[in-house]
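# Observations on chain architecture
One-letter residues, chain by chain:
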Amino acid sequence: MSTPPFLTLPGCARAERVVTARGEFAALRAEPAGPVRGSALLVPGFTGSKEDFIALLGPLAAAGYRVTAVDQRGQYETGGPDDEAAYAVDALGADVRALTGVLAAEGGPVHLLGHSFGGQVVREAVLAAAAEGPLPWRSLTLMATGPGAIDPAEAARTGLLLDALSVLDLEEIWQVMRQLDADSGKPQPVLAPGVAEFLHRRWVANVPRSLAVTGGHLMAAPDRVAELAAVTAGVLPVLVLSGEQDYAWPVPEQTGMAERLAARRVVVEGAGHSPNAERPAATAAALAAFWA
């Protein structure tokens, strides 16, 4: 999961719920002080939330973009049913399309971004939209995501989590994870005030069925890059952005995906799987430059 560097919203941002034809979604929304150059929809990854993008809100709004970061269905403050179908990647892609419709109605082009598992969700949204007509987005950014299933070592860890979900509740799993961290002997990061409590609160707020379904997808996701390339070529500019290292999808694999998509490629120096949280200034600058 991504760890936000802080939790205090910048003055340009507010927390609210976005009402769509597919239900309400918890969101953080930032508004530029001056003219609006466009809107951006930011979609988080597995076990993540809208707060993963909190450090991007200020700089992207300062660059002229109205930014909406959401909790996906089943995550943190959005919630969802105990129903596998609600968390299938095509259903989550339909949620993204519904959110896009709301942002588009507010005016200006909509730039779409998905982080990690969120990258595969937004890919699904684009493929489904392409089957019906013109794409409603101005650009697509795939951040720290890959063409198919996650790296085998990460898949093994995800499999352990899915096994645990069948016998433990989320609080019990949290305590096990904390004990494993303590027993590892690795130095623990120093977190900003309130962040540790937030990570705990966010984890136990997940819908367990959502974790099971989305985790299973990550372990066996198909490679749909060729399909995405076919519908975006000459129509939708694509950016593939990652850190220098990534435990979920190897960085060379992400570079290969960018080549297959004829996409712009940015590697954020000093960042890992969450450049949005680890190097937000450089990440925001790269996004604003691409969107412009």
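Given the structure is predicted, the values throughout are model-derived calculations rather than measurements.

Here we come to the overall build of the chain. A count of helical and extended segments in the chain gives eleven helices and eight strands. Considering only C-alpha atoms, the chain reaches an extent of 50 × 40 × 40 Å along its principal axes. For the chain, buried positions account for 53% of its 292 residues. Expressed as a percentage of contacts within the chain between residues at least 6 apart in sequence, the contacts between residues at least 24 apart total 79%. Surface exposure of the chain reaches about 11,900 Å², of which carbon and sulfur atoms provide 57%. Across the chain, the mean location of the 22 positive side-chain charges is 7 Å away from that of the 32 negative side-chain charges.

What follows covers the layout of surface pockets. Approximately 1,700 Å³ is the volume found for the largest pocket. Lining the largest pocket are 45 residues, with Met-1, Met-177, Arg-178, Asp-181 and Tyr-247 positioned closest to its centre. Residue assignment for the lining of the largest pocket shows that the elements contributing at least two residues are helix H4 (152-165), helix H5 (170-184) and helix H6 (195-205).

On to empty space enclosed by the protein, then. Taken as a whole and assessed by the stated rule, the structure comprises three cavities of 30 Å³ or more. Here the largest cavity is characterised by a volume of approximately 70 Å³. Gly-45, Phe-46, Thr-47, Gln-72, Arg-73, Gln-75, Leu-92, Phe-117, Asn-206, Ser-210, Leu-211 and Thr-214 are the residues that line the largest cavity. Sort the elements by how many residues they give to the lining of the largest cavity and helix H7 (residues 208-220) lands first, with three residues.

With that settled, consider the pairing of strand S3 (residues 38-43). Extensive coverage of S3 is indicated by the burial of six of its six residues. Neither face of S3 is open: one carries Gly-38, Ala-40 and Leu-42, the other Ser-39, Leu-41 and Val-43, and all of them are buried. Taken together, the five bridges between S3 and strand S4 (residues 65-70) define a ladder with parallel strand orientation. Pairing of Leu-41 across the sheet is with Thr-68, part of S4.

To continue, consider the packing of aromatic side chains. This model, assessed by the stated rule, comprises two aromatic pairs. Relative to Trp-291, the ring of Tyr-65 has its centre 5.1 Å away and its plane inclined at 65°; by these criteria the two rings are edge-to-face. Residue Tyr-65 is found in strand S4, and its partner Trp-291 is found in helix H11 (residues 280-291); the two are separated by 226 residues along the sequence. Just as Tyr-65 is buried, Trp-291 falls in that class too. Look at Tyr-76 and Phe-198: their rings are 5.5 Å apart centre to centre, the planes differ by 85°, and that puts the pair in the edge-to-face class. Taken as a pair, Tyr-76 in the loop between S4 and helix H2 (89-106) and Phe-198 in helix H6 lie far apart in primary sequence, 122 residues in all.

Opposite charge on two side chains makes pairing possible when the charged atoms of those side chains draw close. Under the criterion given, the structure shown has 18 salt bridges. Here Glu-77 ties to Lys-50 by a salt bridge, and the two come within 2.7 Å at their closest N and O atoms. Taken together, the residues Glu-77 in the loop between S4 and H2 and Lys-50 in the loop between S3 and helix H1 (54-62) connect sequence positions 27 residues apart. Put simply, Arg-73 and Asp-95 hold a salt bridge, and the shortest N to O gap is 2.9 Å. With a gap of 22 residues between them, Arg-73 in the loop between S4 and H2 and Asp-95 in helix H2 connect regions that are remote in the sequence. Each member of the pair, Arg-73 as well as Asp-95, is classed as buried. Sharing partners across several salt bridges, the network here consists of Arg-14, Glu-16, Arg-29 and Glu-106.

On to H11, then. Each α-helix turn comprises 3.6 residues. Residues three or four places apart therefore point the same way. In this model H11 runs 16 Å from its N-terminal to its C-terminal C-alpha over twelve residues, within 8% of the 16 Å that 1.5 Å per residue would give. Looking only at H11, the buried set comprises Pro-280, Thr-283, Ala-284, Ala-286, Leu-287, Ala-288, Phe-290 and Trp-291.

Parameters at a glance
- Starting from 1, residues in each chain are numbered consecutively following that chain's sequence as written.
- Since the coordinates come from a predicted model, pLDDT governs what is reported: local features require at least 70, and pairs of side-chain atoms require 80 or more to be given and counted, while whole-chain, interface and lining totals use all residues.
- For side-chain calculations, the full set of non-hydrogen atoms in the structure is used, while hydrogens and water are omitted.
- A run of H or I in DSSP becomes a helix once it reaches four residues, and a run of E becomes a strand once it reaches two; helices and strands are each numbered from the N terminus.
- Classification of residues uses two cut-offs on accessible area relative to the type maximum, computed with a 1.4 Å probe and protein chains only: under 20% is buried, over 50% is exposed, and between them is partly exposed.
- Any two residues having at least one pair of non-hydrogen atoms within 4.5 Å are treated as being in contact.
- Here, Shrake-Rupley sampling with a 1.4 Å probe gives the accessible areas, and only protein chains in the shown set may cover a residue.
- In this tally, Lys and Arg are treated as positive and Asp and Glu as negative; His is ignored, and so are the chain termini.
- Taken as the charge location is NZ of Lys, CZ of Arg, CG of Asp or CD of Glu.
- A cavity, in this analysis, means grid points on a 1 Å lattice covering only the protein atoms where a 1.4 Å probe fits yet has no way out; a pocket is instead an open set bounded by protein on both sides within 12 Å along at least five of seven lines, and a residue lines either one if it has an atom within 4 Å of a point.
- Grid points are joined across faces, edges and corners, and a volume is the space filled by probe spheres set on the points.
- Whether two strands pair comes down to DSSP finding at least two bridges between them.
- A pair of aromatic rings is counted whenever rings of Phe, Tyr or Trp (Trp by its six-membered ring) have centres within 6.5 Å, and the orientation is called stacked for planes under 30 degrees apart, edge-to-face for over 60 and tilted otherwise.
- In the sections that follow, a salt bridge refers to a side-chain nitrogen of Lys or Arg positioned within 4 Å of a carboxyl oxygen of Asp or Glu.
- What a helix is expected to span follows from its residue count: subtract one and scale by 1.5 Å.

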